[in-house]
Each structure stands twice: as structure tokens, then as C-alpha cells.
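# Examining the three-dimensional arrangement
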Number of protein chains: 2
Amino acid sequence: MSQDLPTTSYALLGLLTFGDDLSGYELKQRADRTLRFYWVSPAMSQVYTELARLTELGLVHARDDTTAPTRSTRRYQITAAGRRDLQRWLASTAVEFPALKHPVALRLLMGHVVDPETSRSMLDGYLTMLAERRAELQTVRDSLVLDPESAVDRFRFPRMVADWGLDYYASERAMVEELIRRVDTDPP
Amino acid sequence: MSQDLPTTSYALLGLLTFGDDLSGYELKQRADRTLRFYWVSPAMSQVYTELARLTELGLVHARDDTTAPTRSTRRYQITAAGRRDLQRWLASTAVEFPALKHPVALRLLMGHVVDPETSRSMLDGYLTMLAERRAELQTVRDSLVLDPESAVDRFRFPRMVADWGLDYYASERAMVEELIRRVDTDPP
DNA sequence: TGTAGCATGTAAGCCGTTACATGATTGA
DNA sequence: TCAATCATGTAACGGCTTACATGCTACA
């Protein structure tokens, strides 16, 4: 039985449980559409490194795509052992509390060091970024419709997670708008 | 002019702008009361490493505390150069979008791999953790009252950030409660 | 014909962690 | 007297990033 791998390994392994096999390149794209919003967007180099390790451990199976033209493309699919280990990990390891690295909050904390406009425009800029992010996630969410080809609803959980993210961005926007009001009016 | 340091360096430097000087030990405690909730809780070893670097760069000044009994305690205070560099960093470097590592969302994404109860109890467990965290932050928030000793309101911005965090935990709770409903009822 | 996208990897290095190491002080 | 807290550091290492390296394919 394999020791626990880093969470990102299981994250990538999990992306291979949606019924298709992917190349490293495609896996990176899927990570960018999903993981990015609440975990990480692993670097290409890490995706390949991770896939090599998972293959080594027998958790995924690599085969060379012969249908592809001349180009060498390797496609990866999760193995039965991989699925088992993922289930074991999900069922038996402690769930950690989310870790947030929030540069905006960090900088706001030091608001007394700069002039009010710096904090204000930082929050404004954050609202803009937030709107962009939200739009990106909305696009992803819209693509997660019920697939009529598939008997099971493959995207039920991805949809829940995406909706969660959208709600989060919405509440974050409201809170930041309130903070802007406080920055503007609070000073006694 | 110093190059940009890692964000955590500026975070610790920022904690020294509240008008007091701290030992490494105390700085770690302050980080645990503030930074922890939206940045990181640096390890003791990192606090000392960071203080050594900041001293080296002249951004903080170290003095041996003679009032302390026999024990060797070094107290650190931010220098004028440190304050300048912090201001420069705050005013002139790009603000990054928050990075979230959310193991609960990650695991929920893979809900189709486990039985519904696993997801359900995971979300329940998260609600418990969330309530604990919220209580901890509430304690911090309550301590951030207006200091009648001090002419300026030192804690205005820390208070804003703490309130932000409390709102975040509240909205997170509401969203997770909704998700639990969906996990329970959605399955067709 | 040249650039964007597809495709795969290695090497070096940064940030931060855990483990290790040491010792004084306070109070139950 | 023993444990908790205060107090300071070094060493090793893990996870992940950036930079580097290479080459094919589609299309404008």
C-alpha cells in the first residue's frame, strides 16, 4: 500500500476519474478549468512529473496514442488500483482546513502605513479582478451541463463546486464594497 | 534599494508597524493572531530567519533587552528604512489575486468516487471546523477595541480585516449548509 | 513562412516546513 | 521538581515554480 502522496497528486488523479483519458497537456487544461479556482494550477512540468510518479506507482496507466499523427502523445487513464487508492485517501485521511493567501487582506491590514487612496484603489482593483475571475468561473459553470450522452451525471459534483465558487465570489464582492465604504467614511 | 522580498517578509515587517517592538517569540504570537487567518502562520524557525534577514538589510533594528532578567531576549523594531521600503512595496507592487487551497472543495469535486455519506460527513466536519475558526477570530476581533491610551486608532485596519474574515466564515457556513442540502436531495 | 498551439521533459532554485538542538524562567 | 512557556537558532528536505531545452502541426 502506497504512502500518502501530496494532495496535488490526488487532485490530478481525481481529474482522471471522469471517464476519459487525457494527455499531460489536456490534464493541465482540465486543471486550469477546475482545480485552479480552489486548489492550484500546477505548472506543466509538475503535471508531467506527477504523471510519471503515478504511472510508476501503478495508479495511472500510460499508453502511446497511435491514432495521433506522427507526434508522440501519451494518454493516461486511472487504473483500478488508482481508483482504490483515491477512495482510500478520500475516506480515511483527515480533511484540512482551507488555507487562504489573501494579499489584499494582508495589505489592508497595513492601511495605516499608506495614504487612504492606496488602500482604496487597491480594493477597487481587487473588485475588477474579482469580476474577471467570476466571469471565468461562470464560463466553466455553464459548460458543466448534464451530458445526454452519458447515463450518469458526471458533472454533478463539479457543478456544485463551481456554484460554491460563484457564491464565494459574489459574497466577496459584497464584503469588499462594504470595506470600500468603511475606508472612505470611517476615518473620524 | 533592496529587491522585493517574499511577501511573508513584508507581512512580518508590517506586524512591526503597530508602535511596539517585539521579540521573535512575540512576533510569532502576533502572526498567529492576525496573519494566520488570511496569510500564513510562519514557523518559529522562519520568524527568526526572517528577522535575521530584515536586520541584515537594515529594515528592522535589533537590540538586546536589558530589562529582561538573565535570559537573552532580542527585541526588534522597524527602522525608518523599513517603513519606507514597506510603503514602497505597498504602493508600487502588483496585488496578486488570493490563492485558496480548499481541500473540502477539492474532495467534493470527487464526490462521484465515494459514497454520498463520505461527502456529507466531510461537509459536516467542515462546518464544525468553521465554527471553531470563527470563534477564534471573534476572540481576536473583540480584543481589537479602540485603545484609549493611544491618540490614533491603531487597530482600525486590523479590525476591518477581522470583520471581513468573520463575514467570510459566515457566508462560507451558509454556502456549505446549502451544499449539504444538495448532497442529500439532489441525487435523482 | 512564421507563429500559435500541441507535446514532453530536465535542472536549478525558492519558500517554507519539520526535525533537531539548547537552555532559562515561572509557577503548580 | 517537573511541566509549560519563553527564547533562539541550524539542518535537511519537500513541494512547487521558473527557466531551459526540444520538436511537431495547423493555419493565417
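See the structure above.
Only a predicted model underlies this, so the values are computations on that prediction, with no experimental measurement involved.

## Focus on the overall build of chain A
- Summing up its helical and strand segments, chain A has 7 helices and 4 strands in all.
- Along chain A, helices (α) and strands (β) appear in the sequence α-β-α-α-β-β-α-β-α-α-α when read from the amino end.
- The C-alpha radius of gyration of chain A comes to 21 Å, more than 25% above the 16 Å expected for a compact globule of 188 residues.
- Dimensions of chain A along its principal axes, counting C-alpha atoms only, are 70 × 40 × 35 Å.
- Residues counted as buried form 49% of the 188 residues belonging to chain A.

## A short note on the side chain of K28 of chain A
All names here are of chain A.
- With respect to the element layout, K28 can be found in helix α2 (residues 24–33).
- According to the relative accessible area criterion, K28 is buried, its value standing at 15%.
- At 3.3 Å, the side chain of K28 forms a polar contact with the side chain of S41.
- Among all residues touching K28, those that are not within four sequence positions of it are S41, P42, M44 and V47.

## Details of the relation of the copies chain B and chain A
- Structural alignment of chain B on chain A gives an RMSD of 0.0 Å, achieved by rotating through 180 degrees and translating 0.0 Å along the axis. The superposition of one copy onto the other is thereby described by a two-fold rotation axis. Of the C-alpha atoms belonging to chain B, the one lying closest to the rotation axis is found on L100 of chain B, 2.3 Å away.
- Both copies present the same face, since 100% of the interface residues in chain B are matched by interface residues at the equivalent positions in chain A.

## A closer look at the sheet that holds strand β2 (residues 60–64) of chain B
Residues and elements named next belong to chain B.
- Taken in spatial order, the 3 strands make up an open sheet running β1-β3-β2, and their pairing is antiparallel. What marks the edges here is a single partner per strand, and that holds for β1 (22–23) and β2.
- One ladder, built from 2 bridges, connects β1 with strand β3 (residues 74–78); its direction is antiparallel. Opposite S23, over in β3, you have R75 as the bridge partner.
- Of the strands in this sheet, β2 and β3 touch helix α3 (residues 44–56), which is tilted by about 110 degrees from β2.

## Quick notes on the sheet that holds strand β2 (residues 60–64) of chain A
Residues and elements named next belong to chain A.
- Spatially, the 3 strands line up as an open sheet ordered β1-β3-β2, and their pairing is antiparallel. Unpaired on one side and paired on the other, β1 (22–23) and β2 mark the two borders of the sheet.
- Bridge count for β2 against strand β3 (residues 74–78) is 5 bridges, and the pairing is antiparallel. Within β3, the position partnered with V60 by the bridge is I78.

## Concerning the interface of chain B and chain A
- Taken residue by residue, the interface counts 66 residues in chain B and 66 residues in chain A.
- Together, the buried faces of chain B and chain A total about 6700 Å²; carbon and sulfur atoms form 74% of this surface.
- On inspection of chain B and its partner chain A, the count reaches 2 salt bridges.
- Its salt-bridge partner being R182 of chain B, residue D163 of chain A comes within 2.9 Å of it at the nearest N-O pair.
- Between the two partners, chain B and chain A, sit 21 residue pairs in polar contact (both at pLDDT 80 or more).
- Contributing elements (two or more residues each) for the side of chain B that touches chain A: α1 (7–15), α4 (80–92), β4 (99–101), α5 (103–109), α6 (116–143) and α7 (156–185) of chain B.
- The element contributing the most residues to the side of chain B that touches chain A is α7 of chain B, with 18 residues.
- Classifying every residue of the side of chain B that touches chain A by side-chain character gives 44 nonpolar, 11 polar and 11 charged.
- As judged from the 3 bridges shared by strand β4 (residues 99–101) of chain A and β4 of chain B, these two strands associate in the antiparallel manner. Residue pairing across strands places L100 of chain A opposite L100 of chain B, the latter belonging to β4 of chain B.

The rules behind these values
- Residues numbered from 1 in each chain as written.
- Chains lettered and ligands numbered in written order.
- Predicted model: local features only at pLDDT ≥ 70, side-chain atom pairs only at ≥ 80, totals over all residues.
- Heavy atoms only, no water.
- Helix = DSSP H or I, 4+ residues; strand = E, 2+ residues; numbered from the N terminus.
- Rg over C-alpha atoms; globule rule 2.2 N^0.38 Å.
- Buried < 20%, exposed > 50% of the residue type's maximum accessible area, 1.4 Å probe, protein only.
- Polar contact = N/O pair within 3.5 Å; in protein donor to acceptor, adjacent residues only side chain to side chain.
- Contact = heavy atoms within 4.5 Å.
- Least-squares fit on C-alpha atoms with pLDDT ≥ 70 in both.
- Pairing = 2+ DSSP bridges.
- Axes fitted to C-alpha atoms, helices over the stretch in contact; angles between N-to-C directions.
- Buried area = accessible area lost by both parts, 1.4 Å probe.
- Salt bridge = Lys/Arg side-chain N within 4 Å of Asp/Glu carboxyl O.
- Nonpolar A, V, L, I, M, F, W, Y, C, P; charged D, E, K, R; others polar.

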